[in-house]
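Report on the structure
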Amino acid sequence: MGIVSAGLLPDGRHFVSRARDEAAQWRSMYKAPIPTAALANRMGSYVQAYTLYSSVRPFGVTAIVGGWDSEAEIPVDGQVGSGPKSGAGGQEEGAKHGGPFLYMIEPSGLYW
């Protein structure tokens, strides 16, 4: 997992510190590394919360979060029909999920 930020340096440091805390809380709760998508979601929500209140200023940083999630096989439940081709309800054996992920988080909390 890695984070690159552009903007105000103290905000970037706080962002990274908070991301470390989020990852540590995830590992403590689930006994596994945090998926990249979950970290981006949590950090986007955290940054967005700073836009809601007049007592705090919004973050002055745009960040890129990149990571590699372990490739795990998606289980198939055996149902046949108009569902997805892979994953739960799917029909394809051996489909995998994981690999490289890259997310950008804006000061508004929007991430993609």
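Scroll up for the structure.
Let me begin by describing the structure that accompanies this report. (Residues numbered from 1 in each chain as written. Predicted model: local features only at pLDDT ≥ 70, side-chain atom pairs only at ≥ 80, totals over all residues. Heavy atoms only, no water.)

As for the pairing of strand β2 (residues 61-73)
Judged from the 6 bridges that link them, strand β1 (residues 2-7) and β2 form a sheet pairing that is antiparallel. Bridge assignment links G7 to a residue of β2, and that residue is V61. Across 9 bridges, the pairing between β2 and strand β3 (residues 96-105) is antiparallel. Across the sheet, residue V65 finds its bridge partner in β3, namely Y103. (Pairing = 2+ DSSP bridges. Helix = DSSP H or I, 4+ residues; strand = E, 2+ residues; numbered from the N terminus.)

Looking at the pattern of salt bridges
Taken as a whole and assessed by the stated rule, the structure comprises 3 salt bridges. Across the salt bridge formed by D11 and R57, the nearest N and O atoms sit 2.8 Å from each other. Here D11 is found in helix α1 (residues 9-30), whereas its partner R57 is found in the loop between α2 (36-49) and β2, with 46 residues between them in sequence. Close ionic contact of E22 with R42 constitutes a salt bridge, the shortest N to O distance being 2.8 Å. A residue pair is termed long-range when its members are at least 10 positions apart, and E22 in helix α1 and R42 in helix α2 qualify at 20 residues. The partly exposed category is assigned to R42, whose relative accessible area is 30%. In this structure, a network of salt bridges that share partners links the residues R18, E22 and R42. (Salt bridge = Lys/Arg side-chain N within 4 Å of Asp/Glu carboxyl O. Buried < 20%, exposed > 50% of the residue type's maximum accessible area, 1.4 Å probe, protein only.)

Some remarks on the nonpolar core
F15, L39, M43, F59 and I105 are the most contacted members of the largest nonpolar core, which totals 14 residues. Within the residue set of this core, elements represented by two or more residues are α1, α2 and β2. Per element, the largest residue contribution to this core is 5 residues, and it comes from α2. Setting aside residues no more than four positions away along its own chain, F59 makes contact with D11, H14, F15, Y46, V47, Y50 and P107. (Core = buried A, V, L, I, M, F, W, Y, C linked by side-chain atoms within 4.5 Å. Contact = heavy atoms within 4.5 Å.)

With respect to the sheet that holds β2
Strand order across the open sheet formed by 3 strands is β1-β2-β3, with antiparallel pairing between neighbours. Two strands lie at the open edges of the sheet, namely β1 and β3, each paired on one side alone. The mean inter-strand angle of the sheet, taken between neighbouring strand axes irrespective of direction, is 10 degrees. Relative to β1, α1 is tilted by about 155 degrees, and along the sheet it contacts β1, β2 and β3. (Axes fitted to C-alpha atoms, helices over the stretch in contact; angles between N-to-C directions.)

Looking at the side chain of E22
A relative accessible area of 6% places E22 in the buried class. If near-sequence neighbours (up to four positions away) are discounted, E22 is found in contact with I34, L39, R42 and M43.

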